Amino acid sequence: MKILSALILLFSCFQSHAQTTKLHLVITDNKKEKMQQVTGTLYQLPDSILRNKMLINGSASFNVQSNTSYILKLTVTGFQDFVRTISIPDTSIFISIEMTNKINDLSNVTIVSKK
């Protein structure tokens with residue numbers, strides 16, 4: 001029994017606890033106005049494990065592990081998807097993101113009218 005207790009104590013001493021911190025986002029459009037209804041998805045690297053998905057209205061915070069890399073994906077109708085790899089340091093990180101308008105190319109559109 002003493003050996004089992006000693007082994008449990010030994011393993012618990014070596015167990016590492018990941019320190020958590022915050023990733024703070026502010027999402028704006030090209031007019032610097034906070035965007036509404038943005039879908040934010042956070043994947044942990046290296047395995048691209050889905051860690052969080054939320055609807056963001058202007059700003060948001062994700063709980064993240066320190067010294068870890070993530071892929072952040074932001075999507076909203078009428079704007080280009082934002083996808084970036086973000087490395088989290090030991091402290092909270094603040095990121096401002098300006099979404100880019102999606103440009104629709106109409107050069108291949110043919111307008112036909114009938115009389």
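Look up: the structure comes first, before these words.
Cut-offs applied
- Numbers given for residues are sequential positions, taken from 1 along each chain in its written order.
- Whole-chain, interface and lining totals are the exception, using all residues; otherwise, since this is a predicted model, local features are given only for residues with pLDDT of at least 70 and side-chain atom pairs are given and counted only at 80 or more.
- Excluding hydrogens and water, the side-chain figures rest on all heavy atoms present in the structure.
- DSSP bridges decide pairing: two strands pair if at least two such bridges lie between them.
- Secondary structure is summarised from DSSP: a helix means a run of H or I of at least four residues, a strand means a run of E of at least two, and numbering begins at the N terminus for each.
- We call a set of buried Ala, Val, Leu, Ile, Met, Phe, Trp, Tyr and Cys residues a nonpolar core when their side-chain atoms join them within 4.5 Å.
- Partly exposed residues are those whose accessible area sits between 20% and 50% of the maximum for their type, while under 20% is buried and over 50% is exposed, using a 1.4 Å probe and protein chains only.
- Whether two residues touch is decided by their heavy atoms; if any such pair falls within 4.5 Å, the residues are in contact.
- Axis definition: a line fitted to C-alpha atoms, over the contacting stretch in the case of helices. Angles run 0 to 180 degrees between N-to-C directions.

Student: Which residues make up the pairing of strand S1 (residues 20-28), and what values do they have?
Tutor: Pairing of S1 with strand S4 (residues 59-65), which is carried by seven bridges, proceeds in the antiparallel orientation. Following the sheet pairing, His-24 is matched in S4 by Ser-61. The pairing of S1 with strand S7 (residues 93-98) spans six bridges and is classified as parallel. Across the sheet, Val-26 pairs through a bridge with Ser-96, a residue of S7.

Student: Can you explain the nonpolar core? Please cite residues and give values.
Tutor: Leu-23, Ile-56, Phe-62, Leu-72, Leu-74 and Met-99 are the most contacted members of the largest nonpolar core, which has 21 residues in total. Counting only elements with at least two residues in this core, the list comes to S1, strand S2 (38-44), S4, strand S5 (68-75), strand S6 (82-88) and S7. Look past the residues within four positions of Ile-56 in its chain and what remains in contact with it is Leu-25, Ile-27, Met-35, Gln-36, Gln-37, Val-38, Gly-40, Phe-62 and Leu-74.

Student: Residue-level account of the environment of Thr-77, with values.
Tutor: The residue Thr-77 is located in the loop between S5 and S6 in this model. In this structure Thr-77 comes out as exposed when scored by relative accessible area, which is 77%. For Thr-77 and Thr-39, which are 38 residues apart along the polypeptide, the C-alpha to C-alpha distance reads 9.7 Å.

Student: Hey, could you go over the sheet that holds S5 for me, with residue numbers and the actual values?
Tutor: Reading across from one edge, S3-S2-S5-S6 is the order of the four strands in this open sheet, with antiparallel pairing throughout. At either end of the open sheet lies a strand with only one pairing partner, and these are strand S3 (49-56) and S6. The sheet shows a mean angle of 20° between the axes of neighbouring strands, direction not considered. Of the strand pairs in this sheet, S2 and S5 are connected by six bridges, and their pairing is antiparallel.

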